[in-house]
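Here is how the chains run, residue by residue.
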Amino acid sequence: MVRAIVGANWGDEGKGKITDMLAKESDIIIRFQGGSNAGHTIVNDYGKFALHLLPSGVFYGHTTSIIGNGVALNIPYLVNEIKALTDRGVPKPKILVSDRAQILMPYHVLFDAYEEERLGNKSFGSTKSGIAPFYSDKYAKIGFQVSELFDDDTLREKSVRVCELKNVLLKHLYHKPLLDPDELYRTLQEYRDMVKPYVCDVSAYLYEAIREGKNILLEGQLGSLKDPDHGIYPMVTSSSTLAAYGAVGAGIPPYEIKNITTVVKAYSSSVGAGAFVSELSGEEGDELRRRGGDGGEFGATTGRPRRVGWFDAVASRYGCRIQGTTEVALTVLDVLGYLDQIPVCTGYEIDGVVTRDFPNTVKLERAKPVLTRLPGWKCDIRGIKKYEDLPGACRDYIEFIEKEIGCPITMVSNGPGRQDIIYRNVK
Ligand code: GDP
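Owing to the predicted nature of the structure, the values given are computational and were not obtained by experimental measurement.

With respect to the packing of helix α3 (residues 106-119) against helix α4 (residues 131-139)
Piece 1. Axis separation between α3 and α4 bottoms out at 7 Å; the angle between their running directions is 120°. With respect to each other, α3 and α4 are oriented oblique. Crossing of α3 against α4: the hand is right-handed. Here Y107, H108, F111 and D112 of α3 lie close against α4, whose contacting residues are I131, P133, F134 and D137.

And the structure:
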C-alpha cells in the first residue's frame, strides 16, 4: 500500500514527526520533491534531529529510505547528513538514490544568493539552497542527472556547455567570478564517487515492491500553499508539494497512492514572504511564536523566526482538497492550551464580500480574516493518550476544525515525540 504524507498549509506542519511515527509500520520511505531547503524536525530515542534531505524513516533498521527522481539532490549534503546520523549513534540507514534524480550543483547555491542580492528588498526570501536555479535548469534541460555521472563524454561536453551559459550571467548580470569547466568536471567526478554506493533504478525497485505488497510512504516537503501551481504563486517553492506529484517524483502509478494523509497544524505558521491572512503581529504573535512548535517557531533549515497566526480554515480546507486528502493528522494542538479563547479564521473578506473559498493570489492579497472564537481548555494536554480523555473544549476545537475542513481527523498530535499521538476512530 502506498501512502502519501503531505502538508495542507505553508509547511512546518509536523510532517517529519508523523512520517517518523508511521515509518515504524513501513518498508520504504521516499522523498519525491524539494531538496535540502526545508527541514523536518524529529524527536525520538536517539535525540532531536533536523533532517533536510533524508526521508524521515532513516531511524529504523527495517526501512529503506529513497531519494526519488523528483528531488533536488545535493550530494555532499546527503553524505554529510548520513554521517551526522551515524556520528550520533543512529545505525547506518539503507539508502537508495534514483539514477534519474538531478544534481544540485554548487553554482545553483551561488545563483540563488546572487539573485536574492540583486532583487534586494523585492527578494523571494529564498533559503538560498539553490532550489529555484536547480529546477530552472532541470526544465531548461541543462541539469545533470545522476545517470550522467557515469558517462564521461557527456560530463565533459556538458560541463563546457553549462559554463558558457552560466558565465554570461555571472559576468554581465551579477558581476561575479566565472565558472571553470575543468573544475566543474572534477567536482562531478567527486560526486560520482560519493553517490555511487546508493544509485538505483528506483521506479523498477518500487514496481517490484508494490507487487510484493510492501508498505510505502511518500514524504512531502512544505505544504499545499507552497505548490507552484496551486499555491500562493510566486511566493512558492519550485517543485510540486502535492501528493499527486508523489507518483511522478518517485516513479509509481498514480492509482497506487491509496491513502493521502494530510498534516494540518492546529494554528498557522509560515516561513518566508507571501500572503498570510490570519497572521498575528505584536505581543499576541510573539507569545504564540515563543510557545509554538517544540521550543518556539523558528525555521528548521534557516533558524528564521516563523510568522504565526490563528488556524486558517479557509486555507486549510483548500489545502486538504488540493491534496486529495483521505485523512488528517492535526498537530501541535498542545501549544494552544494557554489561551482563554481561540480565534479561528473561518472566512475571508475580499472587497466587502465574505468568502469561504481560497482565492488566487491576486485576490488573496486583499483578503481580511473573519474570525470565530472558540473557548480554550486552559490546561496541558501532553501525555493524554485517549481521545475521550481530552478536555471537552479541546475536543470541540478538533471537531470544529474537522467540520470546517471536511476531512476526518484520525490522529491528533499533542507533543513533539513519537508517543505523543492520539488515534481517533472516525466513522
Ligand atoms: P515539517 O517540516 O512539517 O516536518 O515540520 P517541522 O519539523 O519543521 O516543524 C514542526 C515542529 O513542531 C518541530 O519542531 C516538531 O518537533 C514540532 N512538533 C511536531 N508535532 C508537534 C506537536 O504535536 N506538539 C508540539 N508541541 N510540537 C510538535
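Regarding the nonpolar core
Piece 1. Residues L73 and V97 are the most contacted members of the largest nonpolar core, which totals 39 residues.
Piece 2. At the level of secondary structure, the elements contributing two or more residues to this core comprise β4 (47-51), α2 (75-87), β7 (94-98), α3, α5 (152-174) and α6 (181-195).
Piece 3. Those residues in contact with L73, other than ones at most four positions away along the chain, are L53, I67, L78, V97, Q102, I103, L104, F134, V146 and V195.
Piece 4. In terms of nonpolar packing, the next biggest core, distinct from the first, is built from 36 residues, F311, C320, V328 and L330 among them.

Here we look at the sheet that holds strand β20 (residues 421-423)
Piece 1. Spatial ordering of the open sheet is given by β9-β7-β5-β2-β10-β1-β11-β15-β19-β20, a layout of ten strands whose pairing is mixed. Single-partner strands in this sheet number two, and they are β9 (199-200) and β20.

Some thoughts on the pattern of salt bridges
Piece 1. Taken as a whole and judged by the stated rule, the model has 25 salt bridges.
Piece 2. A salt bridge links D152 to R192, with the shortest nitrogen-to-oxygen separation between them at 3.6 Å. Placement of D152 in helix α5 and of R192 in helix α6 is noted, with a sequence separation of 40 residues between them.
Piece 3. Exposure remark for D152: the relative accessible area of 34% places this residue in the partly exposed category.
Piece 4. We note a salt bridge from R211 to E208, for which the minimum N-O separation is 3.8 Å. Remark: E208 and R211 occur in helix α7 (residues 202-211); sequence separation between them is three residues, near one turn of the helix.
Piece 5. One salt-bridge network, held together by shared partners, links D12, K265, E297 and R306.

Quick look at helix α10 (residues 313-323)
Piece 1. For α10, the buried fraction is high: nine of the eleven residues fall into the buried class.
Piece 2. Looking at where α10 begins, the residue whose side-chain oxygen comes 3.0 Å from the main-chain nitrogen of V314 is D312.
Piece 3. Among the residues trailing α10, G324 stands out with phi positive, at a value near 80°.

Some points on the site of the ligand
Piece 1. Around the ligand there are 20 residues in total, and K15, G16, H40, T41 and S413 lie nearest to it.
Piece 2. A distance of 2.7 Å is found between an oxygen atom of the ligand and a backbone nitrogen or oxygen belonging to K15.
Piece 3. At 3.3 Å from a nitrogen atom of the ligand is found a side-chain nitrogen or oxygen belonging to R382.
Piece 4. For the ligand, the accessible surface in isolation is 580 Å², of which the surrounding protein chains cover 97%.
Piece 5. Elements with a contribution of two residues or more to the shell around the ligand: α1 (15-22) and β3 (40-44).
Piece 6. With three residues, the top contributor of residues to the shell around the ligand is α1.

So, how was this worked out
Numbers given to residues run from 1 along each chain, matching the order in which its sequence is written. Under the rules for a predicted model, residues below a pLDDT of 70 receive no local features and side-chain atom pairs below 80 are neither given nor counted, while totals for whole chains, interfaces and linings still include all residues. Side-chain calculation: all heavy atoms of the structure are included, whereas hydrogens and water are not. Interaxial angles span 0 to 180 degrees and are taken between N-to-C directions of axes, which are lines fitted to C-alpha atoms, for helices over the stretch in contact. What counts as a helix is a DSSP run of H or I of at least four residues, what counts as a strand is a run of E of at least two, and both are numbered from the N terminus. Angle categories: roughly parallel below 35 degrees, roughly antiparallel above 145, roughly perpendicular from 65 to 115, and oblique for all the rest. Crossing chirality is assigned from the near helix's rotation relative to the far helix, an anticlockwise turn below a right angle marking it left-handed and a clockwise turn marking it right-handed. Only heavy atoms matter for contacts: two residues are in contact if any of them lie within 4.5 Å across the pair. Nonpolar core, defined: a set of buried Ala, Val, Leu, Ile, Met, Phe, Trp, Tyr and Cys residues in which side-chain atoms within 4.5 Å join the residues together. Only protein chains enter the area calculation, which uses a 1.4 Å probe; residues under 20% of their type maximum are buried, those over 50% are exposed, and those in between are partly exposed. DSSP bridges decide pairing: two strands pair if at least two such bridges lie between them. Salt bridge, as applied in this entry: a Lys or Arg side-chain nitrogen positioned within 4 Å of an Asp or Glu carboxyl oxygen. Polar contacts, as counted here, are pairs of nitrogen or oxygen atoms within 3.5 Å of one another; within protein the pair requires one atom able to donate a hydrogen and one able to accept it, and residues that are adjacent in sequence qualify only if both atoms are side-chain atoms. Proximity criterion: a residue is near a molecule or strand once any of its heavy atoms comes within 4 Å of it. For every accessible area listed, the method is Shrake-Rupley and the probe measures 1.4 Å; residues are considered covered only by the protein chains on display.

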